[in-house]
Amino acid sequence: MKYISTRGNSPAKTFTEILLGGLAPDGGLYLPQIYPQVSRAELDAWRSLSYAELAFAVLSKFATDIPADDLRAIISKTYTAAVYSNGRADSDFKQITPLRTLEPGVHILELSNGPTLAFKDMAMQLLGNLFEYALDKQHDELNILGATSGDTGSAAEYAMRGKRGIRVFMLSPHGKMSAFQRAQMYSLQDPNIFNIAIRGVFDNAQDIVKAVSNDHAFKAKYKIGTVNSINWARVSAQIVYYFKGYFAATQSNDEQAAFSVPSGNFGNICAGHIARMMGLPIGQLILATNENDVLDEFFRTGVYRPRDTRHTYETSSPSMDISKASNFERFVFDLVGRDADQVREFWARVDAGGEFDIKGTPYWDALSQFKFASGKSTHQDRLKTIRELWEEYGVMVDTHTADGLKVGLEQRRPSLPLICLETALPAKFEETIVEALGRKPERPAGMEGIENLPQRVEVMDADLARLKAYIAAHVPQ
Ligand SMILES: *Cc1c(COP(=O)(O)O)cnc(C)c1O
């Protein structure tokens, strides 16, 4: 299996060759040259597999250059009940991604029982083990540099803590995250984790991370890398739970199912698209946005019009507050029949601050065969959904999952079982839960007093030279 770029001008690479990198050299994103197909006989055999066995069955079709025994070992140490047991007390942890049925035909797939209580742990934990394995083989090291406003940074730190050959330098806006989020990250005492609180807002932190990445000499000397959402291994790890959720919600492989996905950078739902392309019987892929509705607009009107960061709203489902959807190019590559010239032409406009419109082109007619539906959810919708779920089913959901439920229930075809992906636990977004329900969400056992643990964080001005000096001082040469 080789990987090609959506922009068509980069040599084909193997899974391990693209594992530690980001964008392809031509600025595109990597995708498999062809999607591996899952036969009916395989689907029938996979129905009864455990999560780890299923993950191996799926991922061995993509990571073909990792010896099977090595891949199996990496996967079985990643997907254990011990790693994914932070959820509600009544969760069936052994399933790794248990299915919670609200009423016949309406389900929530629990993806947030990992160490940081958000679905990003599902892929990031695997990435940590894959990175350690690959670096070990190459006798190399990696210093991960990133900026976070919450979920991604903590998922990365919990995945990389204690890993050989890896250090994490994670920038966050000083005083801007919730007390719980700060405690989650800053209380880590592992010597390979470096938290840096930047005086300023998230964009100030992001800007100096970009400046370091543009300094190619520094980047090479200090082996700087990233773990952003375009990483192919992260997308491929997310394909697994679409299969798992489908098997849990259906009786046989003759049935179709619908998935509803709270979306930001289009990484999660891109994995659903690929699962469908591999042959999983998905009848509907429902994309939910919050007030930042760039993607909903595309699926309704054919216009892709990324906003600039000044026109990104700060909402109560903050992990979906995006201005442009970094994984969307992968889907568009498939939509235009894998015509890289067409993708380059569209993104020449997007990268220049513009937009593109597929209405009136053959691509608009082709769109329906990909089975997408979409909708948006606002703060009021979110509060209403959280209240209704609590009153009708005694189930408390977080703000992002509420967006997915609202749009999923509105857009679903009643003939299909609906599987709503849970992307975080309510404990992460206490303030809005109190606003909706007048009570605090429960914390998973062991997380009750994390705000009181000693914290390890370096507070710094948003100053490039200061950051470089800090990295240089902490990376042995
Ligand atoms: C990252 C995130 C999302 C958005 O997922 P994408 O893959 O970026 O579309 C939604 N909800 C939560 C809680 C997240 O952390």
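You'll find the structure just up there.
So, a few notes on the structure that sits alongside this text. (Residues numbered from 1 in each chain as written. Predicted model: local features only at pLDDT ≥ 70, side-chain atom pairs only at ≥ 80, totals over all residues. Heavy atoms only, no water.)

Re the sheet that holds strand β7 (residues 193–199)
(1) Moving on: In space, the five strands of this open sheet follow the order β8-β5-β6-β7-β15, with parallel pairing throughout. The open sheet terminates on both sides in strands that have one partner only, identified here as β8 (224–225) and β15 (458–461).
(2) Moving on: Where strand β5 (residues 142–147) and strand β6 (residues 166–173) come together, six bridges link them in parallel fashion. Directly across from Asn-143, in β6, lies its bridge partner Arg-167.
(3) Moving on: In this fold helix α6 (residues 151–160) packs onto β5, β6 and β7, with an angle of close to 160° to the strand it touches most, β6.
(4) Moving on: Each of β5, β6 and β7 is contacted by helix α8 (residues 202–214), which is oriented at about 145° to β5, the strand it contacts most. (Pairing = 2+ DSSP bridges. Helix = DSSP H or I, 4+ residues; strand = E, 2+ residues; numbered from the N terminus. Contact = heavy atoms within 4.5 Å. Axes fitted to C-alpha atoms, helices over the stretch in contact; angles between N-to-C directions.)

Concerning the pairing of strand β4 (residues 106–110)
(1) Moving on: Burial within β4 is extensive, with five of its five residues counted as buried.
(2) Moving on: Burial along β4 is two-sided: the residues Val-106, Ile-108 and Glu-110 and His-107 and Leu-109 are all buried.
(3) Moving on: Pairing of strand β3 (residues 99–103) with β4 involves four bridges; the strand directions are antiparallel. Note that in β4 the partner of Thr-101 across the bridge is His-107. (Buried < 20%, exposed > 50% of the residue type's maximum accessible area, 1.4 Å probe, protein only.)

Brief notes about the site of the ligand
(1) Moving on: Taken together, 15 residues lie near the ligand, and Lys-120, Asp-151, Gly-264, Asn-265 and Asn-268 sit nearest.
(2) Moving on: Gly-264 is positioned such that a nitrogen or oxygen atom in its backbone is 2.8 Å from an oxygen atom of the ligand.
(3) Moving on: Between the ligand and Phe-266 there is a distance of 3.1 Å, counted from an oxygen atom to a backbone nitrogen or oxygen.
(4) Moving on: For the ligand, whose unbound accessible area comes to 380 Å², protein coverage reaches 96%.
(5) Moving on: Taken together, the residues of the shell around the ligand sort by class into five nonpolar, eight polar and two charged. (Near = heavy atom within 4 Å. Polar contact = N/O pair within 3.5 Å; in protein donor to acceptor, adjacent residues only side chain to side chain. Areas by Shrake-Rupley, 256 points an atom, 1.4 Å probe, with all protein chains shown as cover. Nonpolar A, V, L, I, M, F, W, Y, C, P; charged D, E, K, R; others polar.)

What about the sheet that holds β3?
(1) Moving on: With mixed pairing, six strands are arranged side by side in an open sheet as β3-β4-β14-β9-β10-β13. Only two strands of the sheet have a single neighbouring strand rather than two, namely β3 and β13 (372–376). This sheet shows a mean twist of 25° between the axes of neighbouring strands, independent of strand direction.
(2) Moving on: One ladder, built from six bridges, connects strand β9 (residues 257–262) with strand β10 (residues 282–289); its direction is parallel. In the sheet register, Ser-260 faces β10, and the bridge partner there is Ile-286.

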